[in-house]
Amino acid sequence: MDFVVELEVYSMSVAKDTAADPVAQKKSRKGLSQRKLTPKKLLTPKLLRPVESPGGPNAVRSTNFTNVASLQLTMSHVNQTHFTLSKVPFSSPLQGSVHLRLNCTMETQVEEERGFLTMFEDVGGFGSWLRRWCVLKGGRLSFWKYPDEEKNREPMGVVDLKACVSERIDLVSRDECARPNTFEVALVAKQELGSAPATECQDVPSTVRRWISADTREERLDWCAKLNETLANLRTWHSDALRPIKSFTKKDGFHV
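Worth saying up front: this structure is predicted, and the values here are computed from it rather than measured.

Thoughts on the overall build of the protein
- The secondary structure content of the protein amounts to four helices and 11 strands.
- Expressed as a percentage of its 256 residues, the buried residues of the protein come to 32%.
- Intrachain contacts of the protein at a sequence separation of at least 6 include 58% that bridge at least 24 residues.
- Just so you have it, the protein exposes about 17,800 Å², and 53% of that area is on carbon and sulfur atoms.

Right, here's the structure in full:
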């Protein structure tokens, strides 16, 4: 999905200012002195007479504005602030560029999702399944130990779905994980909140495969649907959201 915004710049031609012309100033002062000598009762009817257009009451006057530059904006320009104008005449006082601040938001907001999920985490070098209270909101999956901590504490961790490189969030094969109703979110490690700096291997960034388990099949399907809908919106309306990659490296051999 994309959009195209056409930005056009117009300029107006202005007649020469006669205030700096000595001859025009002299004529203006002469007319003003003559008006001062004219009785007020003779001037009043003339001043109150309505001024009509030379072309009649239905005449349409041509504008003095002319198109001097244009600019086309698309989704790829969202994070830019400096743009070059096209078709700028050589005689134009414009510098040929424009500075804009663009803000793009999702067309549809995914309904917030809350509930308990069990996350596989690295605890002291050992893998462990820990139950967390999770909230999906604004493209981020935040989690706490208990539901009441959501209102008065910062989350223990945040999964930023902009850093997700999974094509789809779906069920993990039982060959990889024996725990039922487990789905996987692959993230670029260096963009995950709280993660240690990751090293990049050539052109493929180091990633983290986060395993998350729901209590039932129905809950897993519901969470996966909401997560995939959020991913689709982020990748459509946010140019800084990462795109899926098929190959990635595992961090320290753990699925965290």
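Having seen it, we continue.
Points about the pattern of salt bridges
- Applying the stated criterion across every chain yields a total of 10 salt bridges.
- In this structure, arginine 209 and glutamate 184 form a salt bridge, with 2.6 Å as the shortest nitrogen-oxygen distance. Of this pair, arginine 209 sits in strand 10 (residues 206-213) while glutamate 184 sits in strand 9 (residues 182-188); the two residues are 25 residues apart in sequence, bridging distant segments of the chain. As far as the burial class goes, arginine 209 and glutamate 184 line up, both buried.
- Through salt bridges with shared partners, one network takes in Glu112, Arg114, Lys137 and Glu150.

Focus: the nonpolar core
- Grouped together as the largest cluster of nonpolar side chains are 22 residues, with contacts concentrated most on Leu141, Leu161, Phe183 and Val185.
- With residues up to four places along the chain from it excluded, the contact list for phenylalanine 183 reads Leu117, Ile169, Asp170, Leu171, Val172, Arg210, Trp211, Ile212, Arg220, Trp223, Cys224 and Leu227.
- If you look at the next biggest cluster of nonpolar residues, it comprises seven residues, including Ala69, Leu71, Phe83 and Leu85.

What about a nonpolar patch on the surface?
- A contiguous nonpolar patch, built from Tyr10, Met12, Val14 and Phe65 and spanning about 450 Å² of accessible area, is present on the exposed surface.
- Using a relative accessible area of 45% as the deciding quantity, one classes methionine 12 as partly exposed.

Description of the side chain of arginine 132
- Inspection of the secondary structure assignment puts arginine 132 in strand 6 (residues 126-137).
- Not counting residues within four places of it along the chain, the set of residues in contact with arginine 132 comprises Gly115, Phe116, Leu117, Met119, Glu121, Phe143, Trp144, Lys145 and Met156.

Considering the pairing of strand 7 (residues 140-144)
- Taking burial as the measure, the five residues of strand 7 include four buried ones, the bulk of the element.
- The pairing of strand 6 with strand 7 spans five bridges and is classified as antiparallel. Residue pairing in the sheet places valine 135 in a bridge with serine 142 of strand 7.
- Note: strand 7 against strand 8 (residues 157-160), four bridges, orientation antiparallel.

Observations concerning helix 4 (residues 217-237)
- Over its 21 residues, helix 4 runs 30 Å from end to end, which matches the ideal 30 Å to within 8%, given 1.5 Å per residue.
- By the burial criterion, the buried members of helix 4 are Arg220, Trp223, Cys224, Lys226, Leu227, Asn228, Thr230, Leu231, Asn233, Leu234, Arg235 and Trp237.
- On its buried side, helix 4 packs onto strand 5 (113-123), strand 6, strand 7 and strand 9.

Re the environment of tryptophan 129
- By the element assignment, tryptophan 129 lies in strand 6.
- Residue tryptophan 129 is classed as partly exposed on the basis of its relative accessible area, which comes to 26%.
- Between the alpha carbons of tryptophan 129 and methionine 119 there is a distance of 5.4 Å; along the sequence they are 10 residues apart.
- Residues in contact with tryptophan 129, not counting those within four places in the same chain, are Thr118, Met119, Phe120, Cys177, Arg179, Thr182, Trp211 and Ser213.

Looking at the packing of aromatic side chains
- Inspection of every chain in the model, using the stated rule, returns three aromatic pairs.
- The aromatic ring of tryptophan 129 is capped on one face by arginine 179, whose charged end is 4.9 Å from the ring centroid.

Examining a negative patch on the surface
- There is a patch of like negative charges on the surface, built from Glu111, Glu218, Glu219 and Asp222.
- Here glutamate 218 is to be found in helix 4.
- Taking relative accessible area as the criterion, glutamate 218 reaches 55% and is therefore assigned exposed.

Rules used throughout
Residues numbered from 1 in each chain as written. Predicted model: local features only at pLDDT ≥ 70, side-chain atom pairs only at ≥ 80, totals over all residues. Heavy atoms only, no water. Helix = DSSP H or I, 4+ residues; strand = E, 2+ residues; numbered from the N terminus. Buried < 20%, exposed > 50% of the residue type's maximum accessible area, 1.4 Å probe, protein only. Contact = heavy atoms within 4.5 Å. Areas by Shrake-Rupley, 256 points an atom, 1.4 Å probe, with all protein chains shown as cover. Salt bridge = Lys/Arg side-chain N within 4 Å of Asp/Glu carboxyl O. Core = buried A, V, L, I, M, F, W, Y, C linked by side-chain atoms within 4.5 Å. Patch = residues over 30% accessible without salt bridge, like charges linked within 9 Å, V, L, I, M, F, W, Y side chains within 5 Å. Pairing = 2+ DSSP bridges. Expected span 1.5 Å × (residues − 1). Phe/Tyr/Trp six-rings, centres within 6.5 Å; stacked < 30°, edge-to-face > 60°. Lys NZ or Arg CZ within 6 Å of the ring centre and 35° of its normal. Lys, Arg positive; Asp, Glu negative; His and termini not counted. Charge placed at Lys NZ, Arg CZ, Asp CG, Glu CD.

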